[in-house]
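Secondary and tertiary structure notes
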Amino acid sequence: MLLEEILLANSRFVTEYGDLQKKYGPKPRKKVAIFTCMDTRLVEFLEQALGISRGDAKVIKNAGNRIREDCDDVIRSLAVAIYLLGVREILVIGHLHCGMSKLNTELLAERMKEFGIPEEEIDKDDLAAWMGSFSDTEENVVDAVDKIKSHRLIPRSIPVHGLIFCPDNGELQVLVNGYKQAK
Ligand code: ZN
């Protein structure tokens, strides 16, 4: 069972590293928040590729680093990071080959049915909109940057950068340079 495997790994981990916990506080040393995708290929890869270590940054993830119109949970996390945890810069990082950029909503609806979700629940909303699927990875990053920058509770003085990451070679490309736009 996976949970047993994880608990075993955890007991080994605590024996080996437990005392190191005290070196780190909740405030990110680099005063940065990173909003990115939950993609598996970014785990233990994106941070290294950015030169970010434990204690350096707040990291917020969701499927497709998407901020939907009707859901500002990401903004909530960023607001806490800015006002209470000292964050002064934000990076929105999309990535190449993102599954959310070619989401098959028919397949998704089919799987939901297989898991016993009633059809009327599946059809209730526009499934693609609810999932926050998008067709253009770059546009999605720019959209998230714009939504963060223009939110009524996010200060205009915080630079918000938009970047695209390659999960194959780790290369980062700048789409939006937040220093040029911050006032
Ligand atoms: Zn992704």
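For the structure itself, consult the block above.
Residues numbered from 1 in each chain as written. Predicted model: local features only at pLDDT ≥ 70, side-chain atom pairs only at ≥ 80, totals over all residues. Heavy atoms only, no water.

Details of the sheet that holds strand E1 (residues 32-37)
Read across the open sheet, the five strands follow the order E2-E1-E3-E4-E5; overall the sheet is mixed. What marks the edges here is a single partner per strand, and that holds for strand E2 (57-62) and strand E5 (172-176). Strand-to-strand, the axes of this sheet are offset by a mean angle of 25 degrees, without reference to chain direction. Looking at chain direction, E1 and strand E3 (residues 89-95) are connected through five bridges and run parallel. Its bridge partner being in E3, Val32 is matched across the sheet by Glu89. The strands touched by helix H3 (residues 73-85) within the sheet are E1, E2 and E3, with E2 carrying the most contacts at an inclination of about 175 degrees. (Pairing = 2+ DSSP bridges. Helix = DSSP H or I, 4+ residues; strand = E, 2+ residues; numbered from the N terminus. Axes fitted to C-alpha atoms, helices over the stretch in contact; angles between N-to-C directions. Contact = heavy atoms within 4.5 Å.)

A closer look at unusual backbone geometry
Phi is positive for Glu44, which is not a glycine, with a value near 55 degrees. Here Glu44 shows up in the loop between E1 and helix H2 (46-50). Exposure remark for Glu44: the relative accessible area of 66% places this residue in the exposed category. The backbone of Asn65 shows a phi angle near 35 degrees, a positive value even though the residue is not glycine. Along the polypeptide, Asn65 turns up in the loop between E2 and H3. (Buried < 20%, exposed > 50% of the residue type's maximum accessible area, 1.4 Å probe, protein only.)

Regarding the coordination of the zinc ion
Protein-derived ligands of the zinc ion are Cys37 (SG), His95 (NE2) and Cys98 (SG), with the metal-ligand distances lying across 2.0 to 2.3 Å. The sequence motif formed by the donor residues of the zinc ion is C-x57-H-x2-C. The pair His95 / Cys98 is uniform in exposure class, with both members buried. (Donors = N, O, S within 2.8 Å, 3.2 Å for Na, K, Ca; no water.)

Some details on helix H7 (residues 137-150)
In this model H7 runs 20 Å from its N-terminal to its C-terminal C-alpha over 14 residues, within 8% of the 20 Å that 1.5 Å per residue would give. Of all the residues in H7, the buried ones are Thr137, Asn140, Val141, Ala144, Val145, Lys147, Ile148 and Lys149. Where H7 begins, the side chain of Asp136 points an oxygen toward the backbone nitrogen of Glu138, at a separation of 2.9 Å. (Expected span 1.5 Å × (residues − 1). Polar contact = N/O pair within 3.5 Å; in protein donor to acceptor, adjacent residues only side chain to side chain.)

Focus on the packing of aromatic side chains
Applying the stated rule across the entire model yields one aromatic pair. Where Phe45 meets Phe165, the ring centres are 5.7 Å apart and the plane angle is 65 degrees; that geometry is what we call edge-to-face. With a gap of 120 residues between them, Phe45 in the loop between E1 and H2 and Phe165 in strand E4 (residues 160-165) connect regions that are remote in the sequence. Among the residues examined, Phe45 registers a relative accessible area of 28% and is labelled partly exposed. (Phe/Tyr/Trp six-rings, centres within 6.5 Å; stacked < 30°, edge-to-face > 60°.)

Concerning the environment of Glu106
Following the sequence through the fold, Glu106 ends up in helix H4 (residues 105-114). In the structure, Glu106 is positioned 21 residues away from Leu127 in sequence and 9.1 Å away in space, judged by C-alpha atoms.

A word on the pairing of E4
Taking burial as the measure, the six residues of E4 include six buried ones, the bulk of the element. Burial along E4 is two-sided: Val160, Gly162 and Ile164 and His161, Leu163 and Phe165, pointing in opposite directions, are all buried. Note: E3 against E4, six bridges, orientation parallel. From the neighbouring strand, Val92 faces E4, where its bridge partner is Gly162. When E4 meets E5, the two strands line up antiparallel, connected through four bridges. Bridging across to E5, Gly162 finds its partner in Val176. Here E4 hands over to E5 after six residues, with Gly170 in that stretch at a positive phi of 80 degrees.

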